[in-house]
Amino acid sequence: MTKKITPADKLTIWHDNQKMIEKARRDGVETVWDRFEQQTPGCKFCELGLTCKNCNMGPCRVSLKENGKMQRGVCGADGDVIVARNFGRFVAGGSAGHSDHGRDLIEALEAIVEGEAPDYPITDNGKLYRVAAELGIAVEGREAMDVARELVDACFADFGSRRKELGFVRRVPEVRRKIWRQHKVMPRGVDREIAEMMHRTHMGCDNDAVSTMLHSARTALADGWGGSMIGTELSDIIFGIPTPGPSQVNLGVIKADHVNILVHGHNPVVSEMVLAASRDPEMLAQAKAAGAAGINIGGLCCTGNELLSRKGIPMAGNHLATELAIVTGAVEAVVVDYQCIMPGMVQAAACYHTKFITTADKARFTGAIHISFDTATAAAQAREIIEMAIAAYGERDQSRVEIPVAPVDIVSGFSNEALLELLGGSLTPLLDAIKDGSIRGVTAIVGCNNPKFQQDSQNVVLAKELIKKDILVLATGCVTTAAGKAGLLSPEGSEMAGPGLQKICKALNIPPVLHFGSCVDNSRIIHLCGMIANALGVDISDLPVWGASPEWYSEKAVAIGVYCVASGIPVQIGTPPQITGSKLVTDIALHGMEELFGAAFLVEPDFVKAAEKMDERISSKRIALGLSA
Ligand code: XCC
Ligand code: SF4
């Protein structure tokens, strides 16, 4: 029997990626789609969340018995408990990812303060003082390094067990904090909530689905208003606040005549150094001596977003395009830190001359070259990486190079500070635009790709539908690349927006979709919601806002979704998490959270319908605020 091969245009909406899927097939490179097909159909029990491996009396899997009753695991746990426990651990995994990344930034700042990271600057002293003051640290007349030292301590303390409430929670309107205290979901310590989730989901602990779901909210809030927010704020202090500027996206940013280095993962601590080393005249001279026109750095996923937003470094692709970037045959090195790096990239790299270089001891890949990156020796290690890439350039087989498209121009790098500056220093013009209906609402479209969907079809459709309805869209994570490729990150993209949003975009010369950074930078968006709610004297759940993650795949995306909902921001998703085996847990996600937090999840895979439902809610929130629908 011959195997049916799905045409590439069914797998992705993008021409560049279609071309590379075809090339991968010719070159014998296995991609995420091939493996997805091998894994389909998935295990039904797992899809429903009804398997448990939390102890060695199991594993157990439960289903409805003939008498209509739910079976129980060996210990007696029913389907609701099993689903809630699995979901809780999923959220804990995502929160741990973001937050451990945040911790790495605290450690980097600590090393700077201790004089042990000579290659790293503090780029934004102003933000250092502002953030420190916000956290109650005395700043008047003090040296930056003293303030930074105290900020390091304050951030570390947020990870521990001594606090009753996290530092940045003071950015949340008091009404919301009251709700959190009342439901016992106020995040106390980042590591604490994650560890407590692991404890609660051990056999014989939290055997009540509602209780476990509430702790999921607490764990996720510790991510959003804790680990992620610390990650974002300290990254800004060290590397600078993002400001809008021109850049480019798609596989066309890879240059045939350059030494191409792609940075991938999430943490800017490594990639910023690689970028700096690539601009070192000595490195450039070496590249030229090897016959290259220069050294080109491109981004993938969120490390890409970090460099894109602060340095305007172009973005080669998002999650599902990461293997395809290697298939161009023109990538000398992929330098990764952690998260969302498909292990399959190592095999893809081995099919070409591409060096796959890992840098984090906590994210090792069998078959990769490992450079244990240390802030003390960062610049030298970054140069070592560049030299490896230059050497690999000599091994490149030009006959296998195919760069399928020309890059698309974008404007990227918005942040709350940049937005305020654009608005002349205060939120008032934005509030006025919301009040008069030019901007009817705001939606953050965030997150990933997932081979369950044609790549980026949903991300792009939803963004286009929303801007048509005068809803301003903020994009982070892998949606950035999708929006960019669709022309939505350029000021000309405002032609696709409704009349009100178009008018505002033209007046400010901004795109209808604003690139707000990486996945940890969703903390910027909840902070913005907090600022708007405070300015209007209402709760976040009163605002005409949404989150959406149409093509999400990761644990982190679920953590983001849950902290948004618990913060009062409803969230649309395209596929449900593995909870549908429990009616109770599903009801909590879709309805119960609305009662508790004034926001819930909407699972709607039809994106025109999703946009309509989102629009309806925006209208009703506007009316409740006394505004026109
Ligand atoms: Fe990962 Fe952040 Fe998702 Fe992209 S968007 S696939 S999580 S890189 Ni966060
Ligand atoms: Fe089975 Fe209970 Fe052990 Fe889970 S904790 S594997 S349901 S016995």
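If you're wondering where the values come from, they're calculated on a predicted model, not measured in any experiment.

The rules behind these values
Residues numbered from 1 in each chain as written. Chains lettered and ligands numbered in written order. Predicted model: local features only at pLDDT ≥ 70, side-chain atom pairs only at ≥ 80, totals over all residues. Heavy atoms only, no water. Helix = DSSP H or I, 4+ residues; strand = E, 2+ residues; numbered from the N terminus. Buried < 20%, exposed > 50% of the residue type's maximum accessible area, 1.4 Å probe, protein only. Contact = heavy atoms within 4.5 Å. Areas by Shrake-Rupley, 256 points an atom, 1.4 Å probe, with all protein chains shown as cover. Lys, Arg positive; Asp, Glu negative; His and termini not counted. Charge placed at Lys NZ, Arg CZ, Asp CG, Glu CD. Core = buried A, V, L, I, M, F, W, Y, C linked by side-chain atoms within 4.5 Å. Near = heavy atom within 4 Å. Nonpolar A, V, L, I, M, F, W, Y, C, P; charged D, E, K, R; others polar. Donors = N, O, S within 2.8 Å, 3.2 Å for Na, K, Ca; no water.

Attention shifts here to the overall build of the chain. For the chain, the helix and strand inventory stands at 25 helices and 16 strands. On the principal axes, the C-alpha backbone points of the chain span a range of 75 × 70 × 50 Å. Sorting the 629 residues of the chain into buried and exposed places 62% on the buried side. In the chain, the share of contacts with a sequence separation of at least 24, taken over all contacts with a separation of at least 6, comes to 75%. Accessible surface, the chain as shown: approximately 23,000 Å² in total, 53% of it carbon and sulfur. The positive charge centre, built from 63 side chains, and the negative charge centre, built from 74, are 5 Å apart in the chain.

This brings us to the nonpolar core. Judged by nonpolar contacts, the single largest core of 173 residues is most densely connected at Leu151, Ile261 and Val274. Considering each element in turn, this core owes the most residues, 14 residues, to helix H5 (residues 79–113). Counting 36 residues, the second-largest nonpolar core is a separate cluster that includes Ala8, Ile254, Ala325 and Ala360.

Here we come to the site of ligand 1. Surveying the vicinity of ligand 1 reveals 13 residues, the closest of which are His266, Cys340, Cys448, Cys478 and Cys519. Per-class residue counts for the shell around ligand 1 are seven nonpolar, five polar and one charged.

Take unusual backbone geometry next. Note the cis peptide between Thr40 and Pro41, where omega equals 0 degrees. Geometrically, the link from Gly58 to Pro59 is a cis peptide bond, its omega value of 5 degrees lying close to zero. Structurally, the position occupied by Pro59 is in the loop between strand E1 (51–52) and strand E2 (60–61). Its identity is not glycine, yet Cys340 carries a phi of approximately 65 degrees, on the positive side.

Turning our attention to the site of ligand 2. Around ligand 2, the surrounding shell consists of Cys52, Asn54, Cys55, Met57, Gly58, Cys60, Gly73, Val74, Cys75, Ile82, Arg85 and Met203. Of the residues in the shell around ligand 2, the class split is eight nonpolar, three polar and one charged.

As a further point, take the coordination of the nickel atom of ligand 1. Of the protein atoms, Cys519 (SG) alone serves as a donor to the nickel atom of ligand 1, at 1.7 Å. With respect to the helices and strands, the residue Cys519 is situated in the loop between strand E13 (513–515) and helix H22 (522–536).

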